[in-house]
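Understanding the architecture of this molecule
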Amino acid sequence: MLKLKFLYLLAPLLLFASFSSAQMGERKLISLNDQWQFRKGEGPNQNINIPHTWNVQDVLDDEPGYYRGLVIYTRNLKFDESAKGKQIFLIFNGVGQEAEVLINGKSAGKHMGSYNRFVVPITDFLNFKNDLLEVRVTNRFNEDIPPLTADFTFFGGIYRNVNLLITDAVHFSQSESGSSGVLLNTPQVSASYATVKVNTYVKNDAATDKKIKVLQQLYDDEGTLITKEVVDVNLKKGENKSIVQNLKPIKSPLLWSPENPYLYRLVSQILDAKTEKPIDQVSNPVGFRWFKFDANEGFFLNGKPLKLIGASRHQDYENMGNAVPDALQIRDVELLKEMGGNFLRVAHYPQDPVILEACDRLGILASVEIPVVNTITESAAFTNNCLDMQREMISQNFNHPSVIIWAYMNEILLRPKFADDKPRQQIYFDHIRELAEKLDSLTRKLDPSRYTLLVNHGAWDLYNKVGLTKIPMIVGWNLYSGWYSGVPADFAKFLDRHHQELPNTPFMVTEYGADADPRIRSTDPVRFDKSVEYAIKFHQVYLNAMLSRPFVAGGMAWNLADFNSETREETMPHINNKGLLTIGRKPKDSYFLYQAYLSKKPYLKITSAHWKDRTALADSGKAVSTQNVQVATNLKSAELFLNGVSFGIKEAVDHIIDWKVPFVNGLNQVRVVSGNLSDQAEINFQLQPYSFTDKIPFQQMNVLLGSKRIYLDDQEHQVWIPDRPYRKGSWGYIGGEAFKGTNNRISYGSDKNILDTNDDPVYQTQQVGIKEFKFDVPDGEYELTIYFAELLGGAVKEALAYNLDNNHKKEIEEYRTFDVLINGDMFMPSVNLATDYGYATAVKKKTRISVQGNKGITISFNAITGKAVLNAIQLRKIY
């Protein structure tokens, strides 16, 4: 470790003296989120607050990779004399990913893994004068710590809340894998009665033996005492004792469910045996429910069938990384509830405590898993860390009634090692199976009341051959037919295959989704165009298939919100766009679709309302342009009005209604009505003249070459439309063909990260071999901007594991040089994009043109070597 000089804070917090709470006995829980200093490497100290990550910016820049190394956090602690004789602990809810905690330069504790809470006892290291807390953190790659690889970013930092816990010498144990020291379950639950079993761990850190009472009190949500149980306990000095108490059965309990998430409250207290004064206290929620999974009939809660529909969640947020305030995290669960969801897959790792607290409160069932993703290390250290993580996860989240499943692997055969050595690969597969068996066995031992889950990707034969479908109580399938490979119709076939070939094994669809960049629209959506419209069609197919098959226990959309994945490129580099919400938690059209499918109340929503800025060519000979308006609803039919004119009543098909309507230039009022429900939107439409001789005024045009999609630049409020062949009197390209990259998943364009721009879709498509681009505009003054990027060549990057087909042709670099002329005058001579600007780098050239003599504008591309290219073009009339 580095030897560093530490700068003390000028205003250290005086701890303990001013805090008192009789209801919690001698226990004090104090936030330590403020007054920290942070230093990365040899850099300067910075004043920061917790939660904090050092990877907010570098995971979004154009430089591949992000900082994964050592940083130092420091903070002063100052106690008054009354803290002496107490037991003092630091509670870290999440540190990514290796942490060493030092007090006054001495190591007090270490922890491995980013996603579980850990508790560090510090009493013996304090001087109770001016104590220095130092936390050394690294998110370096460590082959012994999962996750090793994944389609998400491994942020570093103290990114969850930090608390100081002060207790009496006799207290609920803080050495039980990060739990509160109180574990409860409900062994028997029915509509007529329920039982509660409490396992309490009590620690005596006093110098003498102690006599205490352990009191359990169950209250309803109005604070009425329902039942209590007390036991006398003798504790030897230094003893950590487990105490089991069974409360008297509760008659006619109010049951917990998504419709009525009724919570009781269990208050656990340690009392002084003589005075019966509370010494320590812990409170936990209690929800009475019973459940089962059935291979033929799906999931049952409290004896009634319930289709589990919801989403998975990653924890990061726009411009915050994973250091997200509590309120925003709670809002995620609220958004899931408002969507109509009843299930949250907490993936791919345990998350902040407020998430499951919100699930308990709002009635969202949940699964939680550890981050054993994609691959393993065949070492005892890796195995032990996995087992420790599973133990921590279960212990810390044991008391949540929302949790019904513990999971432990995700797509572990996605990219098998030793592909060129089959005997060695079989050994690797055997080690994966052995690890899965150990994790499953441990889980069943620690919590027999819940189900185990192992999640696979869609390689049916491989997972069955390795034996992973035979280990868990429930099998999870991550399925992307119609996205990474195949067609959407393949999805239903896979569901039926599982039911036929594994008829006794319950299963859920634990992931499915299609990227929807909220800036991309299409009138003709196709796979991997990243359009919102394709995602709507995709989710309709998947929802219909799951909802119509009782044996499918549930389905979790991937993902609730977009999230950071630093290695991704595509239209929005570093972001996985499969969310139903944006990374800033704005609903996409697909979120409204789910509300239409899942809402129990009448629902009517213009999904196209978010596409409020539009432009398109006017219909021939008319002063309107016909485009689609889409509505999501759970009603049979609805009527649409545009600018006060009815365009008829239509019936919903799979909860969607489409109207083709004629937009006029300027502001358009859209209104949809069904019975007493209505919704409205304003859409600003800029008509482009069908011919420049039409009376429609020309203002500006932004054109994507080689593209079939529409791009909405939400920063500059520009709308980019697909190109078209030239037509006399209008505009368009002459010559060439649309660029088709080496990735066979996409039908046009490239998915490369374009450097030096945030508008990647402007540069990711291209017309190759173009001869001319013409605007037959009338005389006047114009501003012309042309856009280039060399899409072939550059550094060869490793194929990403999540791209399941990874069917790339070999990229052959083309050496091209060409001249660009405007109305016959040289504008850019001998352009070599790769040499002059670099590969996959945005090039933007602007000029002003005076058009005279009705000659219009002709941009000519004269190839010298190879083929000339053009990525996009923009024309704006000045006057």
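Above this note sits the structure.
The structure presented is a predicted model; accordingly, all values stated were derived computationally and were not measured.

1. Quick look at the overall build of the protein
Each helix and strand in the protein was counted, giving ten helices and 59 strands. The C-alpha radius of gyration of the protein comes to 31 Å, within 12% of the 29 Å expected for a compact globule of 879 residues. Taken over the C-alpha atoms alone, the protein extends approximately 105 × 65 × 60 Å along its principal axes. Scored against the burial criterion, the 879 residues of the protein give a buried share of 60%. Restricting the contact set of the protein to residue pairs at least 6 apart, pairs at least 24 apart contribute 71%. Of the roughly 34800 Å² that the protein leaves accessible, carbon and sulfur atoms contribute 50%. For the protein, the centre of its 99 positive side-chain charges and the centre of its 101 negative side-chain charges are spaced 3 Å apart.

2. As for the sheet that holds strand E51 (residues 767-768)
In space, the three strands of this open sheet follow the order E50-E51-E58, with antiparallel pairing throughout. At either end of the open sheet lies a strand with only one pairing partner, and these are strand E50 (737-738) and strand E58 (869-870). As judged from the two bridges shared by E51 and E58, these two strands associate in the antiparallel manner. Counterpart to Val768 in the pairing with E58 is Val869.

3. Observations regarding the pairing of strand E41 (residues 637-642)
What you see with E41 is a clean split: Ala638, Leu640 and Leu642 sit on the buried side and Ser637, Glu639 and Phe641 on the side with no burial. Where E41 meets strand E42 (residues 645-651), five bridges bridge the pair, whose relative direction is antiparallel. What sits directly across from Leu642, in E42, is Val645. Bridging between E41 and strand E44 (residues 666-674) involves four bridges; their strand directions are antiparallel.

4. Some details on the pairing of strand E28 (residues 343-346)
Residues Phe343 and Arg345 point to one face of E28 and Leu344 and Val346 to the other, with burial holding for every one of them. In terms of strand pairing, strand E27 (residues 308-313) meets E28 through four bridges, oriented parallel. Residue Ser312 lies in a different strand from E28, and its bridge partner there is Arg345. The β-α-β motif built from E27, the intervening helix H1 (residues 326-339) and the parallel element E28 has right-handed crossover chirality. As paired elements, E28 and strand E29 (residues 365-369) share four bridges and run parallel to each other. Among the inter-strand pairings, Leu344 is bridged to a residue of E29, identified as Ala366. Crossover handedness for the path E28 to helix H2 (residues 353-362) to E29: right-handed.

5. Examining the side chain of Thr582
Its location among the elements puts Thr582 in the loop between strand E37 (575-576) and helix H8 (589-598). Those residues in contact with Thr582 that sit more than four places away from it in its chain are Pro518, Ala561, Asp562 and Lys588.

6. Focus on the packing of H1 against H2
At a minimum axis distance of 9 Å, the contact between H1 and H2 shows a crossing angle of 40°. The chirality of how H1 crosses H2 is right-handed. Taking contact as the criterion, the partners of Asp326, Gln329, Ile330, Val333, Glu334 and Lys337 in H1 are, on H2, Val354, Ile355, Ala358, Cys359, Arg361 and Leu362.

7. Points about the pattern of salt bridges
Counted by the stated rule, this structure contains 42 salt bridges. When the shortest N-O distance is used, the salt bridge between Arg27 and Asp280 registers 2.6 Å. Note that Arg27 is positioned in the loop between strand E1 (13-15) and strand E2 (28-31) and Asp280 in strand E23 (residues 278-286), a separation of 253 residues in sequence. For the pair formed by Arg27 and Asp280, the shared burial category is buried.

8. Things to note about the sheet that holds E41
The mixed open sheet is built from five strands, whose spatial order is E39-E45-E44-E41-E42. Looking at which strands have only one partner, the edges of the open sheet turn out to be strand E39 (613-617) and E42. Across the sheet, the mean angle from the axis of one strand to that of its neighbour is 30°, orientation sign disregarded. When E39 meets strand E45 (residues 677-688), the two strands line up parallel, connected through five bridges.

What counts as what
- Residues numbered from 1 in each chain as written.
- Predicted model: local features only at pLDDT ≥ 70, side-chain atom pairs only at ≥ 80, totals over all residues.
- Heavy atoms only, no water.
- Helix = DSSP H or I, 4+ residues; strand = E, 2+ residues; numbered from the N terminus.
- Rg over C-alpha atoms; globule rule 2.2 N^0.38 Å.
- Buried < 20%, exposed > 50% of the residue type's maximum accessible area, 1.4 Å probe, protein only.
- Contact = heavy atoms within 4.5 Å.
- Areas by Shrake-Rupley, 256 points an atom, 1.4 Å probe, with all protein chains shown as cover.
- Lys, Arg positive; Asp, Glu negative; His and termini not counted.
- Charge placed at Lys NZ, Arg CZ, Asp CG, Glu CD.
- Pairing = 2+ DSSP bridges.
- Right-handed = clockwise from strand over helix to strand, strands pointing away.
- Axes fitted to C-alpha atoms, helices over the stretch in contact; angles between N-to-C directions.
- Left-handed = near helix turned anticlockwise from the far one by under 90°.
- Salt bridge = Lys/Arg side-chain N within 4 Å of Asp/Glu carboxyl O.

Everything listed here is a matter of coordinates, which is why it stays silent on function.
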